[in-house]
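Chain and residue survey
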Amino acid sequence: MPININNMDVLMSANIGVAAVVVVYYPDLLLLRRLLMSIRNQVEKIVVIDNTPMSDNHADCVFPAWFTEQGFDVTYQPLHANYGIAKAQNCGIAAAIQAGCDHVILFDQDSFVSEGMVRHLMQAEMGLLAKQIKVGSVGPVFIDEKTGEFSKALCHDLLRLKKIDISTVETLPVSVDYMIASGLLIRIAALLEIGGMREDLFIDWVDVEWCLRAKNLNYAHFMIPAARMYHSIGDKYVTFAKRKINLHTDVRNYYIVRNACYLLFDKRMDKRWRLLTLFKIPQYVIFYSLTSISKRRFKAFILLLRACAHGFLGRLGKAS
């Protein structure tokens, strides 16, 4: 979780703007190119961290020559193994710090942004800081490419997660408890106090944990209506009770359930989140078993029970 800084003087003296940290895993090069095209003129530096295992077929992997051929100026760092999204994000953040950037903006490989999105985020953050608000992060409103739905502002109430619609004509920042990592703009100064992403979670709840850990230190998060991003969540979705619910693979569901169980015991997580999640975990187990993409429902159910046990016992890291 701590971010290693080898040269504090570089960090304190430089101010070259925003570094985009893009995490890829067996990337679809067409989608990656689309993302890079959308951000290349909006940030000062692009760092690509590749989680694709070296031992596997490299046919779909990215190599430095591809970026050169496409005309992208990026810092490319292959990890040669899948260490999870949190470690990859921390590696990208460390590279941004080494380069002297004062902000990072995180991206998944299947996102792309509207024109001026980063500028809208920066302007909103500057306005909030000018009001003496302790800003943890700012993020865009994103449109789910699979469902066409706009993201909602997420705030916890007692035993209820409030999902607040964002007006398309809204101009003021909207306070939220947390946002997805992709599109999240964070000041390096805030990261130095809050810390980096929890690598032992590997994937899922990483962004929620970081945002709530920041809130525990009195940092606030804001969704910026003028900033727009397109993003794809899950592998497919189902409609249930008039709601479109994104589905994931059985392994991803394992991480969702395991990490939720583990974070119940973390006192830095908001008490309302912990209470609500306690009631939701059985729902996760039942729903993910019944909607298993693999169609092996009993096997999925056993895997999710194992996820609960591992979470309660604190067995984290990559699933074996």
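Let's talk about helix 9 (residues 271-290)
What sets the pattern is the α-helix's 3.6 residues per turn: residues three or four places apart point alike. Look at helix 9: 29 Å from first C-alpha to last across 20 residues, which is about the 28 Å you get at 1.5 Å a residue. The largest bend in helix 9 amounts to roughly 35° and is located at phenylalanine 279, with the proline proline 282 lying one to four residues further along. Here helix 9 has its buried residues at Trp273, Leu276, Thr277, Ile281, Tyr284, Val285, Phe287, Tyr288 and Ser289. The distance from a side-chain oxygen at the start of helix 9 to the backbone nitrogen of arginine 272 is 2.7 Å, and the residue carrying that oxygen is aspartate 270.

Concerning the packing of aromatic side chains
Enumeration over the complete set of coordinates arrives at eleven aromatic pairs. When the ring of tyrosine 25 is compared with that of tyrosine 26, the centres are 4.7 Å apart and the planes differ by 70°; the resulting orientation is edge-to-face. What makes tyrosine 26 partly exposed here is its relative accessible area of 30%. When the ring of phenylalanine 265 is compared with that of phenylalanine 312, the centres are 6.0 Å apart and the planes differ by 85°; the resulting orientation is edge-to-face. Of this pair, phenylalanine 265 sits in the loop between helix 8 (250-263) and helix 9 while phenylalanine 312 is found in helix 10 (residues 297-313), placing the two residues 47 residues apart along the sequence. When its relative accessible area of 55% is taken as the criterion, phenylalanine 265 is described as exposed. Judged by relative accessible area, phenylalanine 312 falls into the partly exposed class, the value being 45%.

Describing the nonpolar core
Formed by 66 residues in total, the largest nonpolar core has its most connected members in Val104, Tyr178, Ile186, Trp205, Trp210, Val257 and Trp273. If one sorts the elements of this core by residue count, helix 4 (residues 85-98) sits on top with eight residues. With near-sequence residues (within four places) excluded, tryptophan 205 lies in contact with Tyr255, Ile256, Asn259, Ala260, Leu263, Trp273 and Tyr284. In this structure, Phe72, Phe142, Leu185 and Ala220 belong to the second largest nonpolar core, which totals 33 residues.

A few points about a nonpolar patch on the surface
A contiguous nonpolar patch, built from Leu158, Leu159, Leu275, Leu278 and Phe279 and spanning about 490 Å² of accessible area, is present on the exposed surface. Within the element layout of this structure, leucine 159 appears in the loop between strand 7 (153-157) and strand 8 (160-164).

Considering the layout of surface pockets
Roughly 210 Å³ of volume is contained in the second largest pocket. Looking at the lining of the second largest pocket, the elements with two or more residues in it are helix 8 and helix 10. Looking at the lining of the second largest pocket residue by residue, the class counts come to five nonpolar, three polar and four charged.

What to know about the pairing of strand 1 (residues 18-24)
Among the seven residues that make up strand 1, seven are buried, leaving the element largely enclosed by the rest of the structure. The pairing of strand 1 with strand 4 (residues 103-108) spans six bridges and is classified as parallel. Each bridged residue has a counterpart across the sheet, and for alanine 19 the counterpart in strand 4 is valine 104. Bridge count between strand 1 and strand 2 (residues 45-50): six bridges; the pairing is parallel.

Quick word on unusual backbone geometry
A positive phi angle, close to 45°, is found at tyrosine 26, a residue other than glycine. Along the polypeptide, tyrosine 26 turns up in the loop between strand 1 and helix 2 (29-39). At histidine 80, a residue that is not glycine, the phi angle is positive and equals roughly 65°. With respect to the helices and strands, histidine 80 occurs in the loop between strand 3 (75-78) and helix 4.

Notes on the confidence of the model for the protein
A residue-level look at the protein finds 88% of positions with pLDDT of 70 or above and a mean pLDDT of 89. Summarising per-element confidence for the protein, the mean pLDDT is lowest in helix 1 (residues 8-13) (39) and highest in strand 10 (residues 185-187) (98). Under a pLDDT of 50 for its full length, residues 1-14 has, in the predicted model, 28 contacts with residues more than four places off or in other chains.

Observations regarding the packing of helix 9 against helix 10
A pair of packed helices can be characterised by two numbers: the angle between their axes and the separation between those axes. Relative orientation of the contacting elements helix 9 and helix 10 amounts to 155°, with a least axis distance of 8 Å. Put simply, helix 9 runs roughly antiparallel to helix 10. When the axes of helix 9 and helix 10 are compared, the crossing they make is right-handed. Contacts between helix 9 and helix 10 involve Ile281, Tyr284, Val285, Tyr288, Ser289 and Leu290 from the first element and Arg297, Ala300, Phe301, Leu304, Leu305 and Cys308 from the second. Its residues placed into classes, the contact of helix 9 with helix 10 shows ten nonpolar, one polar and one charged.

Observations regarding the packing of helix 8 against helix 9
Where helix 8 meets helix 9, the axes come as close as 9 Å, and the angle between the chain directions of the two elements is 155°. Taken together, the axes of helix 8 and helix 9 lie roughly antiparallel to each other. You can see that helix 8 and helix 9 cross each other, and the crossing is left-handed. Between helix 8 and helix 9, the contacting residues are Asn253, Ile256, Val257, Ala260, Cys261 and Leu263 on the first element and Trp273, Arg274, Thr277, Ile281, Tyr284, Val285 and Tyr288 on the second. Across the contact of helix 8 with helix 9, the residue classes break down as ten nonpolar, two polar and one charged.

Thresholds applied
Counting starts from 1 at the beginning of each chain's written sequence and moves along it residue by residue. Selection of residues for local features in this predicted model requires a pLDDT of at least 70, selection of side-chain atom pairs for listing and counting requires 80 or more, and totals for whole chains, interfaces and linings are taken over all residues. Side-chain numbers here rest on the full set of heavy atoms in the structure, without hydrogens or water. Working definition: helices are DSSP H or I runs of at least four residues, strands are E runs of at least two. Numbering for both runs from the N terminus. In a helix, the anticipated span is given by 1.5 Å times the number of residues less one. Bend at a given residue is defined as the angle between two axes, one fitted to the seven residues that end at that position and one fitted to the seven that begin there. Per-residue accessibility, obtained with a 1.4 Å probe over protein chains only, is compared with the maximum for each type, and a residue is labelled buried under 20%, exposed over 50%, and partly exposed between these values. Counted as a polar contact is a pair of N or O atoms within 3.5 Å, where, for protein atoms, one must be capable of donating a hydrogen and the other of accepting one, and residues adjacent in sequence contribute only when both atoms are in side chains. Each Phe, Tyr or Trp ring, with Trp reduced to its six-membered ring, pairs with another whose centre is within 6.5 Å; inter-plane angles below 30 degrees give stacked pairs, above 60 give edge-to-face pairs, and intermediate values give tilted ones. What makes a nonpolar core is a set of buried Ala, Val, Leu, Ile, Met, Phe, Trp, Tyr and Cys residues whose side-chain atoms join them at distances within 4.5 Å. Residue contacts follow a heavy-atom distance rule, with two residues in contact if any of their heavy atoms lie within 4.5 Å. Each patch is built from salt-bridge-free residues with over 30% relative accessible area, joining like charges within 9 Å and nonpolar side chains (Val, Leu, Ile, Met, Phe, Trp, Tyr) within 5 Å. All accessible-area figures derive from a Shrake-Rupley calculation using a 1.4 Å probe, and residue coverage is judged against the displayed protein chains alone. Salt bridge criterion: a side-chain nitrogen from Lys or Arg within 4 Å of a carboxyl oxygen from Asp or Glu. Of the two site types, the cavity is a set of points on a 1 Å grid over the protein atoms alone where a 1.4 Å probe fits but cannot get out, and the pocket is an open set with protein on both sides within 12 Å along at least five of seven lines, each lined by residues with an atom within 4 Å of a point. Grid points are joined across faces, edges and corners, and a volume is the space filled by probe spheres set on the points. Put simply, Ala, Val, Leu, Ile, Met, Phe, Trp, Tyr, Cys and Pro go in the nonpolar bin, Asp, Glu, Lys and Arg in the charged bin, and everything else, Gly too, in the polar bin. Two strands qualify as a pair provided that DSSP identifies no fewer than 2 bridges between them. Residue-level confidence of the predictor is what pLDDT reports, using numbers from 0 through 100. Fitted lines through C-alpha atoms serve as axes, helices being fitted only where they are in contact, and the angles separating the N-to-C directions of these axes extend from 0 to 180 degrees. Here roughly perpendicular refers to angles of 65 to 115 degrees, roughly parallel to angles under 35, roughly antiparallel to angles over 145, and oblique to all remaining angles. Note: crossing handedness is left-handed where the near helix turns anticlockwise from the far helix by less than a right angle, and right-handed where it turns clockwise.

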